[in-house]
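# Reading the structure
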Amino acid sequence: MHDLRALRADPEGFDAALKRRGEPAVATALLLLDRDRRAAETALQELQARRKQISKEIGALRRTGGDSSALEAEVACAKARMEEFQTQVDDLDGRIRGTLERLPNRLDASVPDGADESANVVVHQHGTPREFPFTPREHFELGEALGLMDFETASRLSGARFVVLRGQLARMERALGQFMLDLHTAENGYVETSVPVLVNNEAMYGTDKLPKFADQSFRTEDGRWLIPTAEVPLTASVAGQILPASELPRRNVALSSCFRSEAGAAGRDTRGMLRQHQFQKVEMVSITTPEESDAELERMTRCAEMVLERLGVPYRRMLLCAGDTGFGAARTFDLEAWLPGQKAWREISSCSTTRDFQARRMNARYRAADGKPAFVHTLNGSGLAVGRTLIAVMENYQNEDGGITVPDVLRPYMGGVEVIRAG
């Protein structure tokens, strides 16, 4: 959500920020609505004051036996007009809010211009893609040949974009999640948190998933939502609160199932596990002060990079351009892992600062140094997407015989298994 005071102070700048996102100008229309709302609110307040004064006069007349009928008629008229102005205020408030809640966050000045991912900027690369003495296969070819990755059964059970993992691949998926949690809690200062995967409208709205992304999420018959990521419950846990500054930054991490309808993804990544309706993800969320949010984004992104470095998977950090930065983000770093089977870099983590965009929607504040409440800044990042990390490990650690070498850091989680083989 956006600050109307900032819009009033710099309407041209507000529209210029939207233009970077490919959005049309709205400042003039919003300021007209805001002008009418404030006029109606002023009229309402004047009537309220007048009605209060009349009530005192009526009381005085009644105590002295005077005739208060004219004043009583004025009170009735004022009441009717107050109801009209209140209706106007509510209607204009709703129209302003309805416009603002559909506008994306304002981008940081460092975000490069560009319409799509082709304009993203490589910040740095870590590791060199492995040279294979054979033609590397994609993860689904490896998994199916091992008999441990079953899309056919999953399709019969649930439809497209699901998978059944068995044996050592199922164990490796579990191992990856546990390894990530242990790293983030023991070394990176995050507090492990177990969260619900069903949330209400308020939690989804406060974390900018509603109303814009309703078609990308699953909703239950009783009106709750399956979380698209643990960002939603972790961030919304501070909704409506005023936090002591001494408690910030607050860093939490959760491993959860995530659910996405993948609306608009027809024909994209139809084979394999890259784009699923249900998947596991380790999510990091930080709640901090405005002064520390930029440093926190760098810290969070480094925490995600550490996972890939410990696993020995080549990756690169990307600064997303204006056209590829998500709706709620002011700035985003994506981590892309090298997939030798695809011969491509693919996103495996996304770390973003939303500044106070989410905090305004859910009224999450802290007690600033001057003693006044101020909006917190919220950040979220994948640390990492477990299924995609499994894909990256399978493809980078594959052997010519179809087996998969287990990275050293995962072996303690897999009972010492060194290579996954068929059977």
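Overview of the structure. (Residues numbered from 1 in each chain as written. Predicted model: local features only at pLDDT ≥ 70, side-chain atom pairs only at ≥ 80, totals over all residues. Heavy atoms only, no water.)

Our next topic: the overall build of the protein. Within the protein one finds 12 helices and 17 strands. Oriented by its inertia axes, the alpha-carbon framework of the protein measures out at about 105 × 45 × 40 Å. For the protein, the proportion of its 423 residues judged to be buried stands at 49%. If you take every contact in the protein between residues at least 6 apart in sequence, the share linking residues at least 24 apart comes to 72%. With an accessible surface of roughly 19700 Å², the protein has 48% of that area assigned to carbon and sulfur atoms. In the protein, which carries 55 positive and 61 negative side-chain charges, the distance between the mean positions of the two groups comes to 3 Å. (Helix = DSSP H or I, 4+ residues; strand = E, 2+ residues; numbered from the N terminus. Buried < 20%, exposed > 50% of the residue type's maximum accessible area, 1.4 Å probe, protein only. Contact = heavy atoms within 4.5 Å. Areas by Shrake-Rupley, 256 points an atom, 1.4 Å probe, with all protein chains shown as cover. Lys, Arg positive; Asp, Glu negative; His and termini not counted. Charge placed at Lys NZ, Arg CZ, Asp CG, Glu CD.)

Volume-wise, the second largest pocket comes out at about 290 Å³. Looking at the second largest pocket, it is lined by 13 residues, and the ones nearest its centre are Met1, His2, Leu4, Arg97 and Leu100. Of all elements in the fold, only helix H1 (4–9), helix H4 (69–100) and helix H11 (357–362) reach the threshold of two or more residues within the lining of the second largest pocket. At 4 residues, the largest contribution of residues to the lining of the second largest pocket is made by H4. In terms of residue class, the lining of the second largest pocket is built from 5 nonpolar, 1 polar and 7 charged. (1 Å grid on protein atoms, 1.4 Å probe; cavity = no way out; pocket = protein on both sides within 12 Å on 5 of 7 lines; lining within 4 Å. Points joined across faces, edges and corners; volume = space filled by probe spheres on them. Nonpolar A, V, L, I, M, F, W, Y, C, P; charged D, E, K, R; others polar.)

Below, the discussion takes up the sheet that holds strand S9 (residues 278–288). Within the open sheet, the 8 strands sit side by side as S1-S10-S11-S12-S15-S9-S8-S4. Their pairing is mixed. The sheet terminates laterally at strand S1 (121–126) and strand S4 (191–192), the two strands that pair on one side only. Of the pairings in the sheet, the one linking S4 to strand S8 (residues 250–259) comprises 2 bridges and is parallel in character. The partner of Glu192 across the bridge, within S8, is Val253. Strand contacts of helix H10 (residues 293–311): S1, S8, S9, strand S10 (315–319), strand S11 (331–339), strand S12 (344–353) and strand S15 (377–385), with the helix running at about 5 degrees to S15, the strand carrying the most contacts. Strand contacts of helix H12 (residues 386–396): S8, S9, S11, S12 and S15, with the helix running at about 40 degrees to S15, the strand carrying the most contacts. (Pairing = 2+ DSSP bridges. Axes fitted to C-alpha atoms, helices over the stretch in contact; angles between N-to-C directions.)

Another aspect to go through is unusual backbone geometry. With an omega dihedral of 0 degrees, the bond running from Leu210 to Pro211 counts as a cis peptide bond. Within the secondary structure, Pro211 sits in the loop between helix H8 (201–206) and strand S6 (225–226). With an omega of 20 degrees, the peptide bond running from Gly383 to Leu384 counts as cis. As for its position among the elements, Leu384 is in strand S15. Positive phi outside glycine occurs at Arg355, with the angle close to 55 degrees. Positionally, Arg355 belongs in the loop between S12 and H11. Despite not being glycine, Asn363 shows a phi value in the positive range, around 55 degrees. Counting through the fold element by element, Asn363 comes out in the loop between H11 and strand S13 (365–367). Judged by relative accessible area, Asn363 falls into the partly exposed class, the value being 33%.

The next subject is helix H2 (residues 11–20). Of all the residues in H2, the buried ones are Pro11, Gly13, Phe14, Asp15, Ala17 and Leu18. Elements in contact with the buried residues of H2: H1 and helix H3 (27–64). Phi turns positive one or two residues past the end of H2, at Gly22, with a value near 80 degrees.

With respect to the helices and strands, Lys209 occurs in the loop between H8 and S6. Taking relative accessible area as the criterion, Lys209 reaches 11% and is therefore assigned buried. Within the structure, the side chain of Lys209 is placed 2.6 Å from the backbone oxygen of Thr207, a separation counted as a polar contact. Discounting chain neighbours no more than four positions away, the residues touching Lys209 are Met204, Ala214, Pro228, Glu231, Val232 and Gln358. (Polar contact = N/O pair within 3.5 Å; in protein donor to acceptor, adjacent residues only side chain to side chain.)

This part is about the sheet that holds S13. On the basis of which strands lie adjacent, the open sheet formed by 3 strands has the order S7-S13-S14 and mixed pairing. The sheet terminates laterally at strand S7 (242–244) and strand S14 (373–375), the two strands that pair on one side only. Neighbour-to-neighbour, the strand axes of the sheet open up by a mean angle of 40 degrees, direction not taken into account.

Tallying each qualifying case throughout the model produces 5 aromatic pairs. Arranged with centres 5.3 Å apart and planes meeting at 75 degrees, the rings of Phe132 and Phe134 form a pair that is edge-to-face. Summarising the burial analysis for this pair, Phe132 and Phe134 share the class buried. Counting every residue linked through ring pairs, the aromatic cluster contains Phe213, Phe327 and Phe357. Taking the ring centre of Phe213 as reference, the NZ or CZ of Lys212 above it sits at 5.8 Å. (Phe/Tyr/Trp six-rings, centres within 6.5 Å; stacked < 30°, edge-to-face > 60°. Lys NZ or Arg CZ within 6 Å of the ring centre and 35° of its normal.)

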